[in-house]
Amino acid sequence: AQLLPGKQNCETDLDADKMTDNQKTGQMAASGNAIVTQCDTKLHADTIVYEKASQMITATGHIVVVSQKGAVASGDAGVYDLPKKLVTLTGRVVITQGKNVLRGTRGVYNVATGIAQLDAGNPNGTQTGATPDGGRVHAILSQPPAKGN
């Protein structure tokens, strides 16, 4: 699934109802309608923890990633690797673009390329989350409008 790429190098903004910056651990924690914005992509979550050294963001609770071009990905938990520009979602993962919907238990979205990969289990074949299709990825794909009726 392609969520459409944005710009490659932008500042990263973090907004929330509450933030704590721990200088000893190098972590910044944000809670309450926490939002990370990088270029054309926004990640919303209940709680976000930013590791300054690794530039990794860990998000929990009601994760929603929104592309400027209208694609939306959601999951139960997520990790945003800022240097690699990868967002990994786990749990009940849903990717929507227009009327197309993909469901699985793990999704990886490359912010730089706009390409998303989705699966329904971990590499050893065990189930990592609940999908209505017994551990398989499920897609609903809409037909494009007919040209020149």
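Residues numbered from 1 in each chain as written. Predicted model: local features only at pLDDT ≥ 70, side-chain atom pairs only at ≥ 80, totals over all residues. Heavy atoms only, no water.

*Asks:* Break down the environment of His62 for me, with residues and values.
*Replies:* On the secondary structure map, His62 appears in strand E5 (residues 56–67). The exposed category is assigned to His62, whose relative accessible area is 64%. Spatially, the C-alpha atoms of His62 and Thr47 are 9.0 Å apart, while their sequence positions differ by 15 residues. Sequence-distant contacts of His62, that is, excluding residues within four places in its chain, are made with His44, Ala45, Asp46 and Gly75. For His62, the side chain forms a polar contact with the side chain of Asp46, separated by 2.7 Å. (Helix = DSSP H or I, 4+ residues; strand = E, 2+ residues; numbered from the N terminus. Buried < 20%, exposed > 50% of the residue type's maximum accessible area, 1.4 Å probe, protein only. Contact = heavy atoms within 4.5 Å. Polar contact = N/O pair within 3.5 Å; in protein donor to acceptor, adjacent residues only side chain to side chain.)

*Asks:* Which residues make up unusual backbone geometry, and what values do they have?
*Replies:* One non-glycine residue, Gln55, adopts positive backbone phi at about 55°. Secondary-structure assignment places Gln55 in the loop between strand E4 (41–51) and E5. Using a relative accessible area of 35% as the deciding quantity, one classes Gln55 as partly exposed. Even without being a glycine, Lys85 presents a positive backbone phi close to 60°. Positionally, Lys85 belongs in the loop between strand E6 (72–81) and strand E7 (86–97). According to the relative accessible area criterion, Lys85 is buried, its value standing at 13%.

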